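Summary of the model geometry
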Amino acid sequence: MATFLYKLGRLAFRRRHFVALIWVALLTLAGVGAANAPAAGASSFSIPGTEAQKAFDLLEQRFPGMSADGATARVVFKAPSGEKMGDKANKATVEKTVKALGDGSEVTSVTDPFKAKAVSKNGSIAYASVKYKVSGMELKDSSKDALEAAAQQARDGGLTVEVGGDALQATPETGSTEVIGIAIAAVVLVITFGSLIAAGLPLLTALIGVGIGVSTITALASALDLGTTTSTLAMMIGLAVGIDYALFIVSRYRAELAEGREREEAAGRAVGTAGSAVVFAGLTVVIALVGLSVVNIPMLTKMGVAAAGTVAIAVLIALTMIPALLGYAGRKVQPAGQKSRLLGGGRAAKKAGRPNMGTRWASFVVRRPLAVLLLGVVGLGAAAVPAASLELGLPDDGSQPASTTQRRAYDLLSEGFGPGFNGPLMLVVDAKASDDPKGAVTRVADTVKDLKGVVSVTPATYNKPGDTAMITVIADSKPSSVKTENLVHTIRDAGGGIKADTDAQVLVTGSTAMNIDFSQKLNDALVPYLALVVGLAFLLLIVVFRSILVPLKAALGFLLSVMAALGAVVAVFQWGWLANLIGVEQTGPIMSMMPIFMVGVVFGLAMDYEVFLVTRMREAYVHGEKPGQAIVTGFRHGARVVTAAAVIMIAVFSGFIGSSESMIKMIGFGLAIAVFFDAFVVRMAIVPAVLALLGKKAWWLPRWLDRALPNVDVEGEGLRKLGAGHPKNEDGDRELARV
């Protein structure tokens, strides 16, 4: 592989005009496609195989036109102090608002609080329920504007009015966080390379890759039902790996220049060595993202495949466009150890022979491997302790910032009707096979009324044939609580006995039950997903490193860093430690997608650092260095680059902590702390310590397996046969006559 990539790098360097033209043409084509594509709506959300989804599907069949998964809004009214909602003026204001709420083209029904008995016992709070034909993400802006206008009309009438439900939900906005992340990345790259031109290359190629990937997703969104949120993960991961991969190759190019090679040869060798590491690092990320299909949730599968496509583009751009741009840059990209005239006058940054920080740190670890290993493992183990208390759930209006109307509506409903009112359970009774459908439904209602934790059960609503009924159950606990989850399981257990006696099937659904089933499905899929991703990557790394223990150490180190990061997330977002410091207003269950999301994203990035850092060690070992010296050599060449890549990723992810959306805040914090643990504790401390303790055994591979495995030559052994390359001219550059 190294020889093939070496030739590809030299070809791209020589034919840089052609390579640049191809990528610009692809970017233009994707941009035109995105601009002319029909607007994408929200991706259809379903959880195949769950009881809540089965109930929704049954409602669609038995109650046609009901739009069971349509958006809902609860307009909550509170009378001024000392007044009641039943007072003449207040009642007139509410009735006028209800009439205005029913005028929208997407509205299917609106309930009058006074007719539906939706007034609190003390008479101070009431609510009107609005049902829509489409989901909250598909709702037109005109419908949302009409909802807000009606609420404002009631406020002008003297009432306190807040709006809850999913009708006003919108795609979270994180402001300028992406721009801030890119700005920090630029600063880190300039410090790392000491050159504005060298620093600009990874940024430019990463932005082009993300532009092509996201534009392609946008162009295909409507046809493939990708939805409006699919590009978010693709943009985040594409930007991350795009900068990383280009950073690795540019860094190796500068190292090759420092060894005296002319520029075309240096570009070829950079792509042949660092490029090989990029290919396999990219494969691990693709495996992790495509592996999300194991969960069997279509939305996650599409997000994973789309992001994986963006990663593949980032790899191809790093292998072809980076050497092409290096050809354009010429002498403006200096050899390693030199700064540009703007930043350092072109002089050597360090005295020859003086060890850099990576060399000094690796030498220390090699001398004290056991102490470093114990300190790293104990530290991460302590950070992982809170993960044992992990509770999964999905955020609801109760986790919104107190400044939002959704949160204020949630609090008003809890005040007037109890905490369980914000997440009613919907029971769907399929009595088609029962001899006495109405008797079976009555049996269900009576059974559920007697269960502990149930506040009220509404009268059943039947479909036209009378063989299916809906019953609403209000719990005495808030929707995201463990108590409500236990109640759902209790109702389902009771339904088993009812079916045996009456042949009527009881299904529990609604947003609360859907969230519970979603969390359970993700939880059940976590171990198979881990096994698939880590197992495939383990096999891939055996091929890369030609070792059993090095890939095993990489996988175990990753698991340790992810558990530590989950522990930190639980401590902050569930326990409330340092919550005020990062603006966490409401603690509660951890978002259901967090563990599996962190596993996929962090695993890919962690293997990037592992492959680049350890490949350099493997290269030194294969070329004759002793195991301990190979570790130091790997750090001398790779530590600075891996550190820069990790700092960039931490900065990018940390920018999302400032979001007002609790889910985005949690993702940003979780990914940032996970990258910190993995890059600086696992890869920089535990990995060299373990390799130092293992010595030559780290690179052991059974002979039969060595013969069976393909020789991918990631360390570039085959390039030694090509010679040292052409010497440089006096001015340090060889102008190419052929383009």
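An account of the accompanying structure is given in this report. Since we're looking at a predicted model, the values are computed, not measured.

Here's the deal with helix α18 (residues 549-574)
- Its 26 residues place the ends of α18 36 Å apart at the C-alpha level, agreeing with the 38 Å of an ideal helix rising 1.5 Å per residue.
- With respect to burial, α18 is a largely interior element, 20 of its 26 residues being buried.
- Among the residues trailing α18, Gly576 stands out with phi positive, at a value near 95 degrees.

A closer look at the pairing of strand β6 (residues 425-430)
- Of all 6 residues in β6, 5 are buried; the element is thus mostly enclosed.
- Across 6 bridges, β6 lies against strand β9 (residues 468-475) in antiparallel orientation. Looking across to β9, one finds that Asp430 is bridged to Thr468.
- In the sheet, β6 pairs with strand β10 (residues 505-509) via 5 bridges, with the strands oriented antiparallel. If you follow Leu427 over to β10, its bridge partner there is Val508.

Let's talk about a nonpolar patch on the surface
- Taken together, the side chains of Phe18, Ile22, Leu26 and Leu29 present a nonpolar region at the surface, about 390 Å² in accessible area.
- Here Leu29 lies in helix α2 (residues 16-36).

Structural notes on the sheet that holds strand β4 (residues 160-165)
- Across the sheet, which stays open at both edges, the 4 strands sit in the order β2-β3-β1-β4 with antiparallel pairing between neighbours. The open sheet is flanked by β2 (107-110) and β4, the only strands paired with a single partner. In this sheet, neighbouring strand axes are inclined to one another by 20 degrees on average, regardless of whether the strands run parallel or antiparallel.
- Bridge count between strand β1 (residues 72-78) and strand β3 (residues 125-132): 7 bridges; the pairing is antiparallel. Each residue of the ladder has a partner; that of Phe77, found in β3, is Ala126.

Structural notes on helix α17 (residues 511-545)
- The end-to-end C-alpha distance of α17, which contains 35 residues, comes to 48 Å, matching closely the 51 Å that a straight helix rising 1.5 Å per residue would cover.
- The sharpest bend along α17 measures roughly 35 degrees and falls at Leu526, with the proline Pro528 sitting one to four residues further on.
- Once α17 ends, the next one or two residues include Arg546, with phi positive near 50 degrees.

A word on unusual backbone geometry
- Phi is positive for Asp503, which is not a glycine, with a value near 65 degrees.
- Exposure remark for Asp503: the relative accessible area of 44% places this residue in the partly exposed category.
- Positive phi, normally seen in glycine, also occurs at Arg546, with a value near 50 degrees.
- Note that Arg546 resides in the loop between α17 and α18.
- With a relative accessible area of 11%, Arg546 lands in the buried category.

Observations concerning the side chain of Glu106
- Checked against the element boundaries, Glu106 lands in the loop between α4 (88-101) and β2.
- Comment: no salt bridge for buried Glu106; closest opposite-charge side chain is Lys140, at 4.9 Å.
- Polar side-chain contacts of Glu106 include one of 3.2 Å to the backbone nitrogen of Lys140.
- Reaching out from Glu106, the side chain makes a polar contact with the side chain of Ser143 at a distance of 2.6 Å.
- Aside from chain neighbours lying at most four places away, what touches Glu106 is Lys131, Tyr132, Lys133, Val134, Glu138, Leu139, Lys140 and Ser143.

A short note on the pattern of salt bridges
- According to the stated counting rule, one finds 19 salt bridges in the structure shown.
- Residue Glu259 is joined to Arg261 by a salt bridge in which the shortest nitrogen-to-oxygen separation is 2.8 Å.
- Each of Arg10, Arg14, Glu264, Glu265 and Arg269 takes part in one network of salt bridges that share partners.

Points about the packing of α18 against helix α21 (residues 662-694)
- Interhelical geometry of α18 versus α21 gives an angle of 145 degrees and a closest axis separation of 8 Å. For the pair α18 and α21, the crossing hand works out as right-handed.
- Class assignment of the residues belonging to the contact of α18 with α21 gives a composition of 22 nonpolar, 3 polar and 4 charged.

So, how was this worked out
- Sequence order as written defines the numbering, with residues in each chain counted from 1.
- The predicted origin of the model limits local features to residues at a pLDDT of at least 70 and limits the giving and counting of side-chain atom pairs to 80 or more, whereas totals for whole chains, interfaces and linings rest on all residues.
- For side-chain calculations, the full set of non-hydrogen atoms in the structure is used, while hydrogens and water are omitted.
- Counting from the N terminus, the helices are DSSP H or I runs at least four residues long and the strands are E runs at least two residues long.
- For a helix, the expected span equals 1.5 Å multiplied by the residue count minus one.
- Using a 1.4 Å probe on the protein chains alone, a residue whose accessible area is under 20% of its type maximum counts as buried, one over 50% counts as exposed, and one in between counts as partly exposed.
- When DSSP finds at least two bridges between two strands, those strands are taken to pair.
- Patch membership requires over 30% relative accessible area and the absence of a salt bridge. Like charges are linked within 9 Å, and nonpolar side chains (Val, Leu, Ile, Met, Phe, Trp, Tyr) within 5 Å.
- For accessible areas, the Shrake-Rupley method is used with a probe of radius 1.4 Å. Any residue's cover is judged against the shown protein chains and nothing else.
- We define a salt bridge as a side-chain nitrogen of Lys or Arg found within 4 Å of a carboxyl oxygen belonging to Asp or Glu.
- Each axis is a line fitted through C-alpha atoms, and for a helix only the stretch in contact is used; angles between axes span 0 to 180 degrees, taken between their N-to-C directions.
- Bend is computed residue by residue as the angle between axes fitted to the seven residues ending at the residue and the seven residues starting at it.
- Working convention for charge: Lys and Arg count positive, Asp and Glu count negative, and His plus the chain ends are omitted.
- Residues adjacent in sequence count toward polar contacts only when both atoms are side-chain atoms; beyond that, a polar contact is any pair of N or O atoms within 3.5 Å, and within protein one must be able to donate a hydrogen and the other to accept it.
- Any two residues having at least one pair of non-hydrogen atoms within 4.5 Å are treated as being in contact.
- In this scheme, a crossing is called left-handed if the near helix is turned counterclockwise away from the far one by less than a right angle; it is called right-handed if the turn is clockwise.
- Side-chain classes follow a simple rule in which Ala, Val, Leu, Ile, Met, Phe, Trp, Tyr, Cys and Pro form the nonpolar group, Asp, Glu, Lys and Arg form the charged group, and the remainder, Gly included, forms the polar group.

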